[in-house]
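# Per-entry structural report
Residues per chain, in single letters:
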Amino acid sequence: MKKLLLLALMLGFIAANVAAIAAVSVELLDISISVDNKGYAGITENYILKFTSPFEEDDFKQKAVGNSSSRLSWEASYNFFYPRFAESTGNELDTSSIIYDEGSKTLTLKYTLKKTFAALLREEQRANFFRINDRQFASFNEGGTIVIPEGTNIQLTLPTNSELQSDPPEKAIVNGNQIILRGIQTNALTIDYKALKPITQNTFQLFEDFSGIYFLLVPLLIIIIGAAYIKREEVGQRIEDYLVKHSEIKPRTEDEDIELSDI
């Protein structure tokens, strides 16, 4: 009898959780990926939720309070909630935070990764070349095809000084350094780009070189000024002799008289 009662309780608990999960659905998954100059990424996943009734929404709010910022608790409660660009890509979370906004019904997961999101291919004098491999989209892989459905929006923001080096996938929207992926099915999703090095870096390098030269010239300049001060009388006399010798004005002799015109 006790075994039957325990089994009934377990089945009731499972049914309650299944009902709770079924009552909550993701209306839109909006993902923002911001890549810095070194290839590291900050990722924000916004789950815009839809509830079947106010009761399910109240139940979700209670779970949100209980789960707080525990990612593992959220993943255990809702199977749709997990970082799309972490474990499945061979990467690990470095930092993470979870917020639920009741007004917009949005559950937000923000995180950074320990490893780079874009791999550095090579460095050149004016630019660094990177590649975002399609394994970064492993969580969207369905039987060898990368599928980003219409209900998922991925906005990939490259560094402001970057330029694409490969053609974006079909249906991708490119706006400057931003790439929007939505409603895409492709066998490969590799993005190559180069990040131009800022000109200010060369300016700083020039300043550093000038600073090194400056510290070498200062002692020499002090020695020259000191030597000139010691021999200032000799130098002054030489300057005076030079001016007299090369001057067109010659001194008047004592015999010369100045004649004034009669008025």
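Data block above holds the structure.
Just so it is clear, the structure is predicted and the values come from calculations on it, not from any experiment.

Quick notes on the rules
Residues numbered from 1 in each chain as written. Predicted model: local features only at pLDDT ≥ 70, side-chain atom pairs only at ≥ 80, totals over all residues. Heavy atoms only, no water. Helix = DSSP H or I, 4+ residues; strand = E, 2+ residues; numbered from the N terminus. Contact = heavy atoms within 4.5 Å. Areas by Shrake-Rupley, 256 points an atom, 1.4 Å probe, with all protein chains shown as cover. Phe/Tyr/Trp six-rings, centres within 6.5 Å; stacked < 30°, edge-to-face > 60°. Buried < 20%, exposed > 50% of the residue type's maximum accessible area, 1.4 Å probe, protein only. Lys NZ or Arg CZ within 6 Å of the ring centre and 35° of its normal. Core = buried A, V, L, I, M, F, W, Y, C linked by side-chain atoms within 4.5 Å. Salt bridge = Lys/Arg side-chain N within 4 Å of Asp/Glu carboxyl O. Pairing = 2+ DSSP bridges.

## Details of the overall build of the protein chain
- On a plain count of helices and strands, the protein chain comes out with 5 helices and 14 strands.
- Across the protein chain, the fraction of contacts at a sequence separation of at least 24, relative to all contacts at a separation of at least 6, is 63%.
- Carbon and sulfur atoms form 57% of the exposed surface of the protein chain, whose accessible area is close to 18,300 Å².

## Section: the packing of aromatic side chains
- For the coordinates displayed, the defined rule picks out 13 aromatic pairs.
- Judged by centre distance (4.9 Å) and plane angle (70°), the ring pair of Phe 60 and Tyr 100 falls under edge-to-face. Here the residue Phe 60 occupies a position in helix α2 (residues 54–67), and Tyr 100 occupies one in strand β3 (residues 93–101), the gap between them amounting to 40 residues. Across this residue pair, the class does not change: Phe 60 and Tyr 100 are buried.
- Between Tyr 78 and Phe 80 the ring centres are 5.6 Å apart and the planes differ by 40°, which places this aromatic pair in the tilted class. Judged on exposure class, the residue Tyr 78 and its partner Phe 80 are both buried.
- Each residue in the set Tyr 47, Phe 51, Phe 60, Trp 74, Tyr 78, Phe 80, Phe 81 and Tyr 100 is aromatic and connected to the rest through ring pairs, giving one cluster.
- Above the plane of the ring of Tyr 82 lies Arg 84, whose end atom (NZ or CZ) is 3.9 Å from the centre.
- Over the ring of Phe 129 we find Arg 122, and its NZ or CZ is 3.9 Å from the ring centre.

## Things to note about the nonpolar core
- Formed by 44 residues in total, the largest nonpolar core has its most connected members in Ile 33 and Phe 85.
- Once residues lying within four places of it in the same chain are set aside, the contact partners of Phe 85 are Ile 31, Ile 33, Ile 43, Glu 45, Asn 91, Tyr 111, Leu 113, Phe 117, Gln 136, Phe 137, Phe 140 and Ile 154.

## Some remarks on the pattern of salt bridges
- Within this structure, the stated rule accounts for 8 salt bridges.
- A salt bridge links Lys 114 to Glu 92, with the shortest nitrogen-to-oxygen separation between them at 3.5 Å. Of this pair, Lys 114 sits in the loop between β4 (106–113) and β5 (119–123) while Glu 92 is found in the loop between α3 (71–77) and β3, placing the two residues 22 residues apart along the sequence.
- For Lys 114, a relative accessible area of 48% puts it in the partly exposed group.
- Accessibility expressed as a relative area gives 45% for Glu 92, which makes it partly exposed.
- The residue Asp 192 makes a salt bridge to Arg 131 at a minimum N-O spacing of 2.7 Å. Here Asp 192, found in strand β14 (residues 191–196), pairs with Arg 131, found in strand β6 (residues 127–132); they are 61 residues apart in sequence, far enough to count as distant.
- Since its relative accessible area comes to 32%, Arg 131 is described here as partly exposed.

## Points about unusual backbone geometry
- For Lys 105, which is not glycine, the phi torsion reads 55° and is therefore positive.
- Inspection of the secondary structure assignment puts Lys 105 in the loop between β3 and β4.
- We classify Lys 105 as partly exposed; its relative accessible area is 29%.
- One non-glycine residue, Lys 171, adopts positive backbone phi at about 75°.
- Positionally, Lys 171 belongs in the loop between β10 (162–164) and β11 (173–175).
- Look at Lys 171 and you get exposed, because its relative accessible area is 61%.

## Section: the environment of Ile 31
- Counting through the fold element by element, Ile 31 comes out in strand β1 (residues 24–35).
- Taking the C-alpha atoms as reference, Ile 31 lies 6.1 Å from Asn 46; in sequence the two are 15 residues apart.
- Dropping the residues within four chain positions of it, Ile 31 is found in contact with Ile 43, Thr 44, Glu 45, Arg 84, Phe 85, Phe 140, Thr 152, Asn 153, Ile 154 and Gln 155.

## Quick word on the sheet that holds strand β13 (residues 184–186)
- Pairing is antiparallel in the open sheet, where 3 strands are placed in the order β7-β8-β13. Looking at the sheet topology across the chains shown, the edges are occupied by β7 (141–142) and β13.

## What about the pairing of β4?
- Taken across its 8 residues, β4 has 6 buried, putting it largely inside the fold.
- By the bridge criterion, 7 bridges tie strand β2 (residues 41–51) to β4 in an arrangement that is antiparallel. Directly across from Ile 43, in β4, lies its bridge partner Tyr 111.
- Note that β3 and β4 share 8 bridges and pair antiparallel. When the bridges of β4 are listed, Ile 98 appears paired with Leu 109.
- Hairpin connection of β3 to β4: 4 residues between the antiparallel strands, including Lys 105 at a positive phi of 55°.

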